[in-house]
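Coordinate inspection notes
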Amino acid sequence: MELNAKIPPGPLKDKWSFYKDHAKLVNPANRKKMDVIVVGTGLAGSAAAASLAEMGYNVKSFCFQDSARRAHSVAAQGGVNAAKNYKNDGDSVYRMFYDTIKGGDFRSREANVYRLAECSAQLIDQAVAQGVPFGREYGGYLNNRSFGGVQVSRTFYARGQTGQQLLLGSYQALMRQVAAKTVKLYTRHEMLDVVVVDGKARGVIVRNLDTGEIERHSAHTVILATGGFGKIYYLSTLAMGCNASAIWRAHKKGALMACPSWTQVHPTSLPQSGDYQSKLTLMSESLRNDGRIWVPLKPSENRKPNDIPESERDYYLERRYPAFGNLAPRDISSRAAKERIDAGFGVGPQKNAVYLDFSKAIKEHGKGRIKEKYGNLFDMYRKITATDAYVEPMMISPAAHFSMGGLWVDYELMTTIPGLFALGEANFADHGANRLGANSLLQACVDGYFIAPYTVSNYLAGEIKSERLSTDHQAFIDAEVQVRAQLSKLLEINGTKTADYYHKTLGKLLYDYCGLSRSKDGLIHAIAEIKKIREDFYKDLKVPGGDDEMNGELEKAGRIGDYLEVAELMCLDALTRDESCGAHFREEYQTPEGEALRNDEKFCFVSAWKWRGEGQEELLIPEPLHFENVELAVRSYK
Amino acid sequence: MKLYLKIWRQSDAASEGKLVDYELDNVIPHMSFLEMMDTLNEQLVLKGDRPVEFDHDCREGICGQCGMMINGQAHGPIANLTTCQLHMREFKDGDTIYVEPFRALAFPIKRDLRVDRSAFDRIIMAGGFVSVNTGQAPEANGIPITHEQAESAFDSAACIGCGACVATCKNSSAALFTSAKISHLAKLPQGKMESRKRVLSMVKQMDDENFGHCTNTEACEVECPQQISVLNIARMNWEYSISSVLKK
């Protein structure tokens, strides 16, 4: 099987225009005869559902939350990047493209990344028109802040709640279409399978989480915008319900998974305080604009942070990466923190954190200005830790955050199943081996608002002769039987351990062996352990209640069953990549200074994985990456 | 700490519910309230009992999914905080805690502590948006908006839609929720154009959903995790009056 990314011809800067000029169209009279299913109502999902409905397609939109407004895009804090160059600081589409390619450690497609940068300006226009209250200067024009891994200010923000405000914009656009009856919205519905007919995605099987009812829905195309799966680590910055089930079940139906082990570990989350903990709260990266990161020079320091004099502090990011300092990219910042913590310089009761200190910024700009920029983050910090960060430095620690990997998609964001698209964090496309801050909101929005309307139409143009499919079709019956069998299997085990027990066990294993640093031996060990955990899961899990009613434990068990398979593929993916790149740091491949050592000769490709059935090792299908516009450089932030 | 919990259990909308007693040992002050509930549920599952169903997702105070009445207060004893951000250090060893679902006619109970807040979505559907399609937007800096105006619009737009305002109001009024969206959009030039039509249709929807009237007790502002101001309600009433008069 050869992977064809379908990159349009022509120079880099003209590829997207070329695509748009040549994409097939569906005339307005035909659009209303075509049904589109969109799973997920985060930024990518709601933007795609609203935009396609505005065009005249019949859309069905699904989310597991009780309202479309609660999808986890809501929690993104810091901002959204766009190459508007409002700051006149030398920004351009090309520079944004280059920063993103470099930030991803040269493991993403040039054409995709360029398109992301190209569409970024339009997204800001769209959001402002929807009423997103971005931060503004006193003259009335839009303001920007800086983010990690770049030397310009191109990040637009709405205090520390940018994701919330962007999502409310797309949610409102979605609800407008629901009111216009062009979208039928199904909240509290979880997708449990994709239905494939004659090789094409033609529908989904979903479970109504309030009643337990299993439903079949057919369409001409299915779009998955179901987010990332960082929650596989159990402790993460993600919401409790975030999961891999939709993309994993699509994977088992034939969609390839790409680079599943590339997980971003965010450097500025709150540290773990105990075993009961269910999540790690993120503190926006934007704080690194004004906060300085340090640890004591002396190991096992017991003095309070404010009692440690300047001369006994190690501002390790400023020391190691003077050009970017506290704004070094996330993978590098997280690894540097882990290095100091592992070497015994960690702070806090569990010695698992580093300080993020605002005293210099408060002295220079005044408390008022800092409060205006980050007030809600300082409030959140106080609510969770009962500490005033205006007076004492914050304590932060790395936490699993974003999945760069996901379903393999071509330039059209279509998976290897024709008619099945993957948008936003659910796909692998744009971030390479490390995502730059404030690019995730951007990618989700751009995929949903600006790419899907063209590429989905291009696909549907070839389907106008295909009739609406009855859900009595054998493929729907078979898929439903399988879904029901899976649910019964979980209920029938009746063992002695909870779903959360397995999730926590798996999460810890992944942090230890497939987290910030990985090694061959560790990964081999982890794969063997995961198999054991999975075996035990199907022998000793306990799920009370039935499948014909609301049952939160059953929902969790289903997701964890999938995670136990995803985890094995993650480790296999990490094991077969004998290099370090971005977030993927293999201990065997590093420079004498401890920096990641890429191997462009052997590993300049995307690892796409094909499911071959229960108990069989997945097949690696590499998609070579071709760089025609940038030179593969050693990524330096020094 | 040891806690005595009295938790509302109800198997579905049609059944009768009741408070059930639970005792929980080894509660750690650093736990969040929801982590305390997780701990209880873990024990219930291991005993073969049904765990308590409760709404939650992001657990960082922004998705608006969590929410329960804790000792009779929406989101518990601390003002302007979501349930997920409430920590057990606010309680004492030996405390008895009453945990009930958000109470309002417009929020029917689904199971245990989960309620149906889809009425909020229908209020937004009635006009809580700017009628702009993808692709129609002009250049973002084309219309300057003062810093103060943008900040003030943000203050209204910050609502997370949790429903604490309704649950805490003796009239179960959704005035704070509805007015926050009306104000957010009316304060910006992009939303101003439709503001007259919007306020009439959103207020009508709010009434149709069986929310009560606002009698200015301002209890909602006290519980609102985003500290949405009751001045939004004043603005809604003002917009409503003008729009009603000018409708003819």
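Bear in mind the structure is a predicted one, so any value in this text is a computation, not a measurement.

Describing the packing of helix H5 (residues 110–130) of chain A against helix H12 (residues 440–460) of chain A
Residue and element names in this part refer to chain A. The geometry of H5 relative to H12 is characterised by a closest axis approach of 9 Å and an angle of 80° between their N-to-C directions. Here H5 is positioned roughly perpendicular relative to H12, judged by the angle of their axes. Seen from H5, the contacting residues are Leu 116, Cys 119, Ser 120, Gln 122, Leu 123 and Gln 126; seen from H12, they are Leu 442, Gln 443, Cys 445, Val 446, Tyr 449 and Phe 450. Tallied by class, residues from the contact of H5 with H12 come to eight nonpolar, four polar and no charged.

Remarks on the sheet that holds strand E3 (residues 69–70) of chain B
All names here are of chain B. Strand order in this open sheet of five strands is E2-E1-E5-E3-E4, and the pairing throughout is mixed. Looking along the sheet, the strands with just one partner apiece sit at the ends: strand E2 (18–24) and strand E4 (73–74). Here E3 runs beside E4; their pairing, made up of two bridges, is antiparallel. By the bridge assignment for E4, Ile 70 is matched with Gln 73.

Brief notes about the nonpolar core
Side chains of nonpolar character tend, in soluble globular proteins, to be buried together. Residues and elements named next belong to chain A. Among the nonpolar cores identified, the biggest contains 289 residues, and Ile 223, Leu 224, Leu 407 and Cys 571 are the most heavily contacted of them. It is helix H16 (residues 552–575) that provides the largest number of residues to this core, a total of 13 residues. Aside from chain neighbours lying at most four places away, what touches Leu 224 is Val 39, Gly 40, Ala 246, Ile 247, Ala 250, Leu 407, Leu 420, Phe 421, Ala 422 and Ala 426.

Considering the confidence of the model for chain B
Atomic detail in the predicted coordinates should be set aside for any region of low pLDDT. Averaged over all residues, the pLDDT of chain B is 97; the fraction at 70 or higher stands at 100%. ipTM for the predicted complex: 0.98, alongside a pTM of 0.97.

What to know about the pairing of strand E8 (residues 214–218) of chain A
Residue and element names in this part refer to chain A. With five bridges connecting them, strand E7 (residues 200–208) and E8 associate as antiparallel partners. In the sheet register, Val 204 faces E8, and the bridge partner there is His 217. Connecting the antiparallel pair E7 and E8 is a turn made up of five residues, with Gly 212 showing a positive phi of about 85°.

Rules used in this analysis
- Residues numbered from 1 in each chain as written.
- Chains lettered and ligands numbered in written order.
- Predicted model: local features only at pLDDT ≥ 70, side-chain atom pairs only at ≥ 80, totals over all residues.
- Axes fitted to C-alpha atoms, helices over the stretch in contact; angles between N-to-C directions.
- Helix = DSSP H or I, 4+ residues; strand = E, 2+ residues; numbered from the N terminus.
- Parallel < 35°, antiparallel > 145°, perpendicular 65-115°, else oblique.
- Contact = placed C-beta atoms within 7 Å.
- Nonpolar A, V, L, I, M, F, W, Y, C, P; charged D, E, K, R; others polar.
- Pairing = 2+ DSSP bridges.
- Core = buried A, V, L, I, M, F, W, Y, C linked by C-beta atoms within 7 Å.
- Buried ≥ 20, exposed ≤ 12 C-beta atoms within 10 Å, placed from the backbone.
- pLDDT = per-residue confidence, 0-100.

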